[in-house]
Amino acid sequence: FYKISSMGFSRYVEIGRVAYIAYGPDKGKLVAIVDVIDQNRALVDGPCSGVGRKQMNFKMLHLTKLKIDISYGARVGTVTKAWNKAEITKKWEESTWAKKIANREKRAAMTDFDRFKLMKAKQTRNRLVNIEFGKLRAKAKKDPKKPRVNKKPSKK
């Protein structure tokens with residue numbers, strides 16, 4: 001196993017580990033590690049994401065917590081069956097990582113008018129929140145204050 005760790009968590013480079021391609025022609029796609037070539041490269045395959053079997057540098061990959069059960073050097077059909085059995089695509093789409101990426105893409109695709117509508121919706125929401133907060137603050141002001149009780153005796 002090769003270990004890539006960063007501040008509080010560690011995910012191992014191992015056969016069957018699912019990785020997200022960070023940059024390059026296949027950026028944004030998922031692949032499974034089929035074989036570790038050396039300390040810098042792995043043989044990856046992404047049959048369900050449209051990535052052909054090829055070697056890839058570890059610097060291009062971000063390891064996910066997902067893993068499929070395959071053996072060393074598994075064929076494309078075996079990888080596909082294991083991928084579908086583990087429902088990797090479905091699990092990935094439900095993850096917060098994938099949702100953040102989708103939201104980022106959605107924001108990047110917004111037009112000027114979409115940004116304006118979003119601004120107006122936020123203003124409306126904040127106005128409602130401030131009205132409710134004002135009601136709660138007024139109610140708290142009317143109620144008599146409860147006397148504070150010091151639980152620790154003073155050291156005088």
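Look up: the structure comes first, before these words.
Since the model is a prediction, treat every value here as computed from it, not as a measurement.

Chemist: Hey, could you run me through the sheet that holds strand 4 (residues 30-36) in this one?
Modeler: Across a sheet, paired strands are connected by hydrogen bonds in the backbone, their directions being either parallel or antiparallel. Pairing within the open sheet is antiparallel, and its 5 strands lie in the order 6-5-4-3-7. Strands at the two margins of the open sheet, each flanked by one partner only, are strand 6 (51-57) and strand 7 (61-67). Taken pair by pair, the neighbouring strands of this sheet meet at an average axis angle of 40 degrees, ignoring direction. Summarising the sheet, strand 3 (residues 17-21) and strand 4 pair through 3 bridges and their orientation is antiparallel. By the bridge assignment, Ala-19 is partnered in strand 4 with Val-31.

Chemist: It is not clear to me how the pairing of strand 3 should be interpreted in this structure. Could you clarify?
Modeler: Looking along a regular strand, one sees side chains alternate from face to face of the sheet. Buried residues dominate strand 3, accounting for 5 of its 5 residues. Residue alternation in strand 3 divides its side chains into two sets, Arg-17, Ala-19 and Ile-21 and Val-18 and Tyr-20, and both sets are buried. Strand direction decides the pairing type here: strand 3 and strand 7, joined by 4 bridges, are antiparallel. Considered in strand 7, the bridge of Ala-19 is made with Leu-63.

Chemist: Please explain the packing of aromatic side chains as it appears in this structure.
Modeler: What describes a pair of aromatic rings is the distance from one ring centre to the other and the angle between the planes of the rings. Evaluation of the coordinates by the stated rule reveals 4 aromatic pairs. Here the aromatic rings of Tyr-20 and Trp-92 are separated by 5.6 Å at their centres, their planes lie at 25 degrees, and the arrangement is stacked. Here the residue Tyr-20 occupies a position in strand 3, and Trp-92 occupies one in helix 2 (residues 88-94), the gap between them amounting to 72 residues. You'll find Tyr-20 and Trp-92 in the same group, each marked buried. On the numbers, 5.6 Å between centres and 50 degrees between planes, the contact of Tyr-20 with Trp-97 is tilted. Taken together, the positions of Tyr-20 in strand 3 and Trp-97 in helix 3 (residues 96-108) put the pair 77 residues apart, joining distant regions of the chain. The exposure class of Trp-97 is partly exposed, given its relative accessible area of 27%. Taken together through their ring pairs, the aromatic side chains of Tyr-20, Trp-92 and Trp-97 make up a single cluster.

Cut-offs applied
Residues numbered from 1 in each chain as written. Predicted model: local features only at pLDDT ≥ 70, side-chain atom pairs only at ≥ 80, totals over all residues. Heavy atoms only, no water. Pairing = 2+ DSSP bridges. Helix = DSSP H or I, 4+ residues; strand = E, 2+ residues; numbered from the N terminus. Axes fitted to C-alpha atoms, helices over the stretch in contact; angles between N-to-C directions. Buried < 20%, exposed > 50% of the residue type's maximum accessible area, 1.4 Å probe, protein only. Phe/Tyr/Trp six-rings, centres within 6.5 Å; stacked < 30°, edge-to-face > 60°.

Scope: geometric values only; no functional claims are made or implied.
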